[in-house]
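Here is how the chains run, residue by residue.
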Amino acid sequence: MVADSEHDRPVRVEAREPAGFGLALGGGFVRGLAHLGVLSVLEEEGLTPGWLAGTSSGAIAAVFAAFGVSADQAGEALAELGWGTMTRARPFGSLGLATNEGLEEIVRDALGDVRLEDARIPIAVVATDINTGNRVLLDRGDAARAVRASSCVPGLYAPVEVGGRLLVDGALVENVPARAARELGAPVVVAVSLGFALPFDEVKSWRQLVANAFDIAVNSQMRYEILGEADVLIDPDVARFSKVRAPDRAALIEAGRARAREALPALREVLEASEGGAVMRWMKGVRDRLAGVLD
């Protein structure tokens, strides 16, 4: 891992003047590595988001970006992230088969005991109150704990207590947090979805069963909500990748890079408030990809 000499943590990249858009990064289990590809393209183009919102795996990538860690360095810090490193055993009879405390430890080891309100870029993390069903927007407090709560798959992992509430995965209420980015103040929202137009995997393991059940629960609301909320939607082609295993991390990251590069004309057009038609053509392509899956 690239680290400074004092703290053994990722070196923050030099801050750039933020562009006038918010970036909403959606959940997708291990497919969340594709977010790092999207972020790397934005870095290369000098397009720093002015606001960040993240849900589940998108919250992991968003928090690293919010604290000034480059996509490459975030990838190195998260190199060992997986079901095994996230999961900690829990006594039988608790509110989950295990906990995802390992994820909190990985984020804390990389960033330190940072708080969301101290991030370079304003950020909100979406979670769900399992007792009320309410959407919870975390924009203050312990960043590593917020990421863990947003990524807590209910039933598999025990809920995470934050501020007296029991929180689980934000994907139940807002898997692609375009609305959250708007609520932070972003006038333009670029959303990245990792499950917008995906077929479901054939179930061959308990992990695939959990992943499919989760996707079925969130897919319908996600598809139509983000089409209405996002100005530009980036949908990396991740259908060929497993939700629960990442044997080819580089290919997942490249899938994010490829779709982000394709979306650049639409993004630049919307930021320049021009009317060249790139945004309309891009969003029509996104809708066509969705229609092909639904057919």
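Residues numbered from 1 in each chain as written. Predicted model: local features only at pLDDT ≥ 70, side-chain atom pairs only at ≥ 80, totals over all residues. Heavy atoms only, no water.

A.B. asks: Please set out unusual backbone geometry residue by residue, giving values where relevant.
C.D. replies: Positive phi outside glycine occurs at Phe 29, with the angle close to 55°. You can see Phe 29 is positioned in the loop between strand S1 (22–25) and helix H1 (34–44). Exposure remark for Phe 29: the relative accessible area of 17% places this residue in the buried category. Even without a glycine there, the phi angle at Ser 56 is positive, about 55°. (Helix = DSSP H or I, 4+ residues; strand = E, 2+ residues; numbered from the N terminus. Buried < 20%, exposed > 50% of the residue type's maximum accessible area, 1.4 Å probe, protein only.)

A.B. asks: Residues and numbers for H1, please.
C.D. replies: For H1, the buried fraction is high: 9 of the 11 residues fall into the buried class. Within the sequence span of H1, burial applies to Ala 34, His 35, Leu 36, Gly 37, Val 38, Leu 39, Ser 40, Val 41 and Leu 42. Looking at the residues trailing H1, positive phi occurs at Gly 46, about 70°.

A.B. asks: Describe the sheet that holds strand S4 (residues 96–99), naming the residues involved and giving the relevant values.
C.D. replies: Pairing is mixed across the open sheet formed by 3 strands, whose spatial order is S3-S4-S7. Each edge of the sheet is formed by a strand with only one pairing partner; in this case those strands are strand S3 (88–89) and strand S7 (155–157). Here S3 runs beside S4; their pairing, made up of 2 bridges, is antiparallel. Among the inter-strand pairings, Ala 89 is bridged to a residue of S4, identified as Ala 98. (Pairing = 2+ DSSP bridges.)

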